[in-house]
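Okay, here's what each chain looks like letter by letter:
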Amino acid sequence: MAPVPQQIPSTNSGDLAEPPPAWKTRLLLVDDDEGNLLSLQATLEDLVDELVLAQSGEDALRHLLDTDFAAILLDVKMPGMDGFETAGLIRNRKKSQTTPILFLTGFRSDDHLFRGYDLGAVDFLFKPISPEVLRSKVAVFVELARNTTLLRQNAEVLARAERRFRSLLEAAPDAILITNESGAINLANTRAEELFGRPRELLHGVSLKTLVPDWTEMAQIHSIELTGIRRDGSEFPCELTCSPLQTDEGLLITTAVRDITERRKAEENIRRLNSELEQRVATRTLELTRSNEALRQFAWAASHDLQEPLRIVVSYAQLLTRRTENLDDQSRGFLDTIVNGALRMERLLASLREYVFASDAGSEETEIVDANGLIEKVLSDLDLALKSSDAEVECAPLPTLTSVPALLSQVFQNLIANAVKYRAAAPLRIQISAERRTRDWLFGVSDNGIGISPEYHELIFGVFKRLHPHSIPGTGIGLSICKVAVERLGGQIWVESELGKGSVFKFTLPFNET
């Protein structure tokens, strides 16, 4: 490969234009005798793409102003400007200095020959001219012109391709080095000069190992991170991408070298930030765990310890209501309010204990559960409420799965009780189903109750969140218990419902082989 130039020339739109259309082969026939021209035309017209006829030297010169010819057949004896004078003027024109001239003459004179060859003639054709001889001689120069034109066009295509290649090489954001198989640098772009601090004349012929000591013959390696060395000895991290190409001159390897200093800094910052974030998350998680544990202990203790004073309040309030002979109606109303409030507080504390239990239950308590038997017990516990609401329960076959029986019972019991509580005027119908999916079981508890507007679908699972706080009794914690219980079992729960169209509560539980 030739030495690398100091500068790769810039290109413009003309350098990248498409090649011109194929060149036409033309012959210029010059003779003052029209009959001779017609004879030449008849003999040669199938050899070339185009024949141009001229009957004087002046006409011939005019055609040469804007047209190139494979050869010129020029009659020596013409009135006015003869063939020799015309040939001299043709040779004075730079573009036609090498165009082959074949003189046509009827005189065999050494002076003619010497003068013609001195003017650059390539041959003499003596009249009368044999058509076969004429065709064979002219065909040689036509083929020569075609080959010359083809070579010129190929050279132009190669030149354009080289300019395009060098333009792309210079436009590359990375340092580009083209080496032989052993690593000797044959070509480098401007970015390579800048990156390694070496002008191109100092890069040419240098081994790539000088710039990247750990480089090896990496023709099969797509990308690798190594250390580069600048001219001043400073080091920097770089990424090398190698592309091999087998050529007639042997294996050439194009290596793109990218400075990854900033990327390394960014990665280090990300690692540092991730480490700090993990530490903060761990600290915060520990704090939340302690806080949640304290809250659970407090909730359990409060719900347990408050039961006894509430029971005393209820008992004495009920005793007072039995001694109504000395109380007026207003006082009896006050006592009823105290009893109802205390009983409601007792129910809230009981629900709170259930919520704390559901939150604390863990997977270590799991066992194989027959959901069919579990539902039977739940329905038995709710038998009085179901009969009083004239409810009809349909239960599809349910699976046997690994779960926590107490939590699963709480989920079904609260969902069925919820259906009873929020029933509509029509007879209550409850359907319980289960569907095996790829990774879990999908359970459903549907009813034909009053339904829930979509904007409240998330709200109802919150603790103490109720949509009917006065018209329908309850603590507002049943669905919260369902949510925390299902999540402790590894699933999710949601509702699909519209106001006045009933509700379908769905929840998933992981599928485990039993």
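Refer to the structure presented above.
Residues numbered from 1 in each chain as written. Predicted model: local features only at pLDDT ≥ 70, side-chain atom pairs only at ≥ 80, totals over all residues. Heavy atoms only, no water.

## Regarding the overall build of the protein chain
Helix and strand counts for the protein chain come out as 15 helices and 17 strands. Each of the 514 residues in the protein chain was classed as buried or not, and the buried ones make up 37%. Across the protein chain, the fraction of contacts at a sequence separation of at least 24, relative to all contacts at a separation of at least 6, is 60%. Here the protein chain has roughly 29400 Å² of accessible surface; of this, 53% comes from carbon and sulfur atoms. (Helix = DSSP H or I, 4+ residues; strand = E, 2+ residues; numbered from the N terminus. Buried < 20%, exposed > 50% of the residue type's maximum accessible area, 1.4 Å probe, protein only. Contact = heavy atoms within 4.5 Å. Areas by Shrake-Rupley, 256 points an atom, 1.4 Å probe, with all protein chains shown as cover.)

## Notes on helix 14 (residues 405–421)
Helix length check: helix 14 (17 residues) gives 24 Å between terminal C-alpha atoms against 24 Å at 1.5 Å per residue, within 8%. For helix 14, every residue scored as buried is listed here: Leu 407, Leu 408, Gln 410, Val 411, Phe 412, Asn 414, Leu 415, Ile 416, Asn 418, Ala 419 and Val 420. (Expected span 1.5 Å × (residues − 1).)

## Some remarks on the pairing of strand 17 (residues 503–510)
Direction of pairing for strand 15 (residues 440–447) relative to strand 17: antiparallel, over a ladder of eight bridges. Bridge pairing in strand 17 links Ser 446 to Val 504. Alignment of strand 16 (residues 493–497) against strand 17, held across five bridges, turns out to be antiparallel. Bridge assignment links Glu 496 to a residue of strand 17, and that residue is Val 504. (Pairing = 2+ DSSP bridges.)

## Looking at the side chain of Ser 503
Checked against the element boundaries, Ser 503 lands in strand 17. When its relative accessible area of 4% is taken as the criterion, Ser 503 is described as buried. A distance of 2.9 Å separates a polar atom in the side chain of Ser 503 from a polar atom in the side chain of Ser 497. Leaving out residues up to four positions away in the same chain, Ser 503 has contacts with Val 445, Ser 446, Asp 447, Gly 451, Ile 452, Val 495, Glu 496 and Ser 497. (Polar contact = N/O pair within 3.5 Å; in protein donor to acceptor, adjacent residues only side chain to side chain.)

## Re the pairing of strand 8 (residues 223–229)
As paired strands, strand 8 and strand 9 (residues 235–247) are joined by seven bridges and run antiparallel to one another. Looking across to strand 9, one finds that Leu 226 is bridged to Cys 238. Once strand 8 ends, the chain turns through five residues before running back antiparallel as strand 9, passing Gly 233 with a positive phi of about 90°.

## Some details on the environment of Asp 32
Position of Asp 32 relative to the elements: it lies in the loop between strand 1 (26–30) and helix 1 (34–44). A relative accessible area of 32% means that Asp 32 is categorised as partly exposed. Remark: the alpha-carbon pair of Asp 32 and Met 78, spanning 46 residues in sequence, is separated by 5.9 Å. When sequence neighbours within four positions are dropped, the list of residues in contact with Asp 32 reads Gln 55, Asp 75, Lys 77, Met 78 and Pro 79.

## Focus: the sheet that holds strand 5 (residues 121–126)
Through backbone hydrogen bonds, the strands of a sheet pair up, either in parallel or in antiparallel fashion. If you walk across this open sheet you meet the five strands as 2-1-3-4-5, and the pairing is parallel. Every other strand in the sheet has two partners, leaving strand 2 (50–54) and strand 5 as the edge strands with one partner each. Strand-to-strand twist across the sheet, computed as the mean angle between neighbouring axes with direction ignored, equals 20°. Relative to strand 3 (residues 71–75), strand 1 is paired through four bridges, and the arrangement is parallel. Bridge assignment links Leu 27 to a residue of strand 3, and that residue is Ala 71. Each of strand 1, strand 2, strand 3 and strand 4 (101–105) touches helix 1; the most contacted strand, strand 1, lies at about 160° to it. (Axes fitted to C-alpha atoms, helices over the stretch in contact; angles between N-to-C directions.)

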